[in-house]
Amino acid sequence: MDINEIKTHFRRIPKAPLGFFPTPLYRLDRLSAELGINLYIKRDDFSGMSLFGGNKIRKLEYLLGDAKRLNCDTVFTYGATQSNHAMQTVTACRRLGLTPILYLVAIVPPDENDLRANLLLDKLLGAEIHIVYQKPDETEADAEERSFLLAREHMARLNAQGHHCYDVPMGGASPIGSAAFIEGYVELYEQLHALGAHPDVIFHATGTGGTMAGLVAGRKLLGDKDTHIVSVNVSAKDDAAYRTMGAELANRALSFLDFSVRTAPEDFQLDLDHYAPGYEQPNPAAAEAIRLLARTEGLLLDPVYTGKAFAGMLTRIRDGRVPQGSNVVFWHTGGATALFAEKEILGEIE
Ligand SMILES: *Cc1c(COP(=O)(O)O)cnc(C)c1O
């Protein structure tokens, strides 16, 4: 599909301008030479609007644009206590004059007398924070489910008092949020085109799947069959179920934007070899990736998302699955505040 025609579809939906787009794209010369490929980095960690932006800002431009359209005054969202998404949602709410309310699950229980990283920023930004501690008989998923129920009751109480609440799902993973990453893919395509390069493979970290769904939908829309997108998981997932979820989300985003193109589960490619032992649990390969990028290029990754994704990319370059001379894009999704989180999350990176 023609790129200018594609762009008209984005202009029709309400958007809250929050970040600085397009985010930079450039070649990492020193690491490219070391790895024998052309490595480009897409700096969504520079999305703005605070110093601690990341991939959620793209989604929030459309999500909170929708909240404004609906005349909402209060925004609810969810995540772990160190959620990047929750913190970015709070900054975006402040910018737009909306009241942020967070329901956060304590996967790594915070020390209330020594708040760190994103939870510290949530406090500083004055968000209303509800921490949901996992009960002994509960799984992480159960505690998450309970946080949604508690929030739903809270929303009902506020709505009864005359407030208008907007519910942003965990990670901003909704058709509206993913639509922003369809636009993000188009943005990358134009930047690479201007450099005379075509991507062979794009790597990014995937959690809730909203970013992945948008990127894969964007590729399909542009008919970019020769580009692989490898989505590196940051927690345990069932491969087939996750790809089915990704395709459904992508298709709802495409339909929301009034495109007739659709994706299928086969369009998605996961890496499930680099998340272990689990979400917010560090591993040596990610620590090595963080050190390598820091020491060759002066750039920072984080132990929860981008470090694991970068490790997944390095494995595939080193074992030849990504051939020498390939054009590779690493989509930097942010998350550096985790470098200042609890030691259990950081691991051994020095
Ligand atoms: C949320 C997040 C991701 C994953 O994005 P999803 O759209 O939730 O899959 C990747 N990297 C960072 C730093 C994040 O905060």
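For the structure, check the block above.
Numbering of residues starts from 1 in every chain and runs along the sequence as written. Residue-level local features of this predicted model are given only where pLDDT is at least 70; pairs of side-chain atoms are given and counted only at 80 or more, and the full residue set underlies all totals for whole chains, interfaces and linings. Side-chain calculation: all heavy atoms of the structure are included, whereas hydrogens and water are not.

1. Some details on the overall build of the chain
Note on conventions: DSSP H or I runs of at least 4 residues are helices, E runs of at least 2 residues are strands, and numbering of each starts at the N terminus. For the chain, the helix and strand inventory stands at twelve helices and ten strands. Summarising its shape, the C-alpha atoms of the chain cover approximately 60 × 50 × 35 Å along the three principal directions. The contacts in the chain between residues at least 6 apart in sequence include a share of 79% that link residues at least 24 apart. For the chain, the exposed surface amounts to about 14,400 Å²; the carbon and sulfur share of it is 53%. Only heavy atoms matter for contacts: two residues are in contact if any of them lie within 4.5 Å across the pair. Working definition of accessibility: Shrake-Rupley area with a 1.4 Å probe, residue cover restricted to the visible protein chains.

2. Remarks on the nonpolar core
Judged by nonpolar contacts, the single largest core of 53 residues is most densely connected at L64, Y166 and I182. Residue assignment for this core shows that the elements contributing at least two residues are α1 (3-11), α3 (55-69), α4 (84-96), α7 (175-194), α8 (210-221), α9 (239-256) and β10 (327-332). When residues of this core are assigned to their parent elements, the largest contribution, nine residues, is made by α7. If near-sequence neighbours (up to four positions away) are discounted, I182 is found in contact with F10, G214, A217, G218, L221, A253, L254 and L257. Within this scheme, the nonpolar core is defined by two criteria: the residues are buried Ala, Val, Leu, Ile, Met, Phe, Trp, Tyr or Cys, and they are joined through side-chain atoms within 4.5 Å. The rule is simple: take the accessible area with a 1.4 Å probe, protein chains only, and divide by the maximum for that residue type; under 20% is buried, over 50% is exposed, in between is partly exposed. Among the nonpolar cores identified, the runner-up in size contains 40 residues, and L39, V232, A287 and A338 belong to it.

3. Description of the site of the ligand
Proximity is defined per residue: if any heavy atom of the residue lies within 4 Å of a molecule or strand, that residue is considered near it. Among the 15 residues in the neighbourhood of the ligand, the closest are listed as K56, K59, T208, T211 and T333. Within the side chain of N84, a nitrogen or oxygen atom sits 2.9 Å from an oxygen atom of the ligand. Within the backbone of G209, a nitrogen or oxygen atom sits 2.9 Å from an oxygen atom of the ligand. About the coverage of the ligand: the protein hides 98% of its 380 Å² of free accessible area. Elements with a contribution of two residues or more to the shell around the ligand: α3, β7 (201-206) and α8. It is α3 that provides the largest number of residues to the shell around the ligand, a total of three residues. Pairs of N or O atoms are called polar contacts if they sit within 3.5 Å, as long as, within protein, a hydrogen donor faces a hydrogen acceptor (for residues adjacent in sequence, only side-chain-to-side-chain pairs).

4. Here we look at the sheet that holds strand β5 (residues 128-132)
Two strands pair if DSSP finds at least two bridges between them. Across the sheet, four strands lie side by side as β5-β4-β3-β6; this open sheet has parallel pairing. Only two strands of the sheet have a single partner each, and these edge strands are β5 and β6 (165-167). The sheet shows a mean angle of 20 degrees between the axes of neighbouring strands, taken without regard to direction. With five bridges joining them, strand β4 (residues 99-105) and β5 adopt parallel strand pairing. Its bridge partner lying in β5, V105 is registered against V132. To define axes, lines are fitted to C-alpha atoms, for helices over the stretch in contact only, and angles between the resulting N-to-C directions are given on a 0 to 180 degree scale.

5. Concerning unusual backbone geometry
With an omega of 0 degrees, the peptide bond running from F21 to P22 counts as cis. The omega angle of the peptide bond from G48 to M49 is -15 degrees, so this bond is cis rather than trans. In the Ramachandran plot, A117 falls in the positive-phi region, its phi being about 50 degrees despite a non-glycine side chain. On the secondary structure map, A117 appears in helix α5 (residues 117-124). You can call A117 buried: its relative accessible area is 9%.

6. Things to note about the packing of helix α10 (residues 284-297) against helix α11 (residues 306-318)
α11 packs onto α10 with a crossing angle of 85 degrees between their chain directions and a minimal axis gap of 8 Å. The orientation of α10 relative to α11 falls into the category roughly perpendicular. Across from A285, A286, E288, A289, I290, L292 and L293 in α10, the residues of α11 making contact are G307, K308, F310, A311, L314 and R318. Each angle gets one of four labels, with under 35 degrees taken as roughly parallel, over 145 as roughly antiparallel, 65 to 115 as roughly perpendicular, and the rest as oblique.

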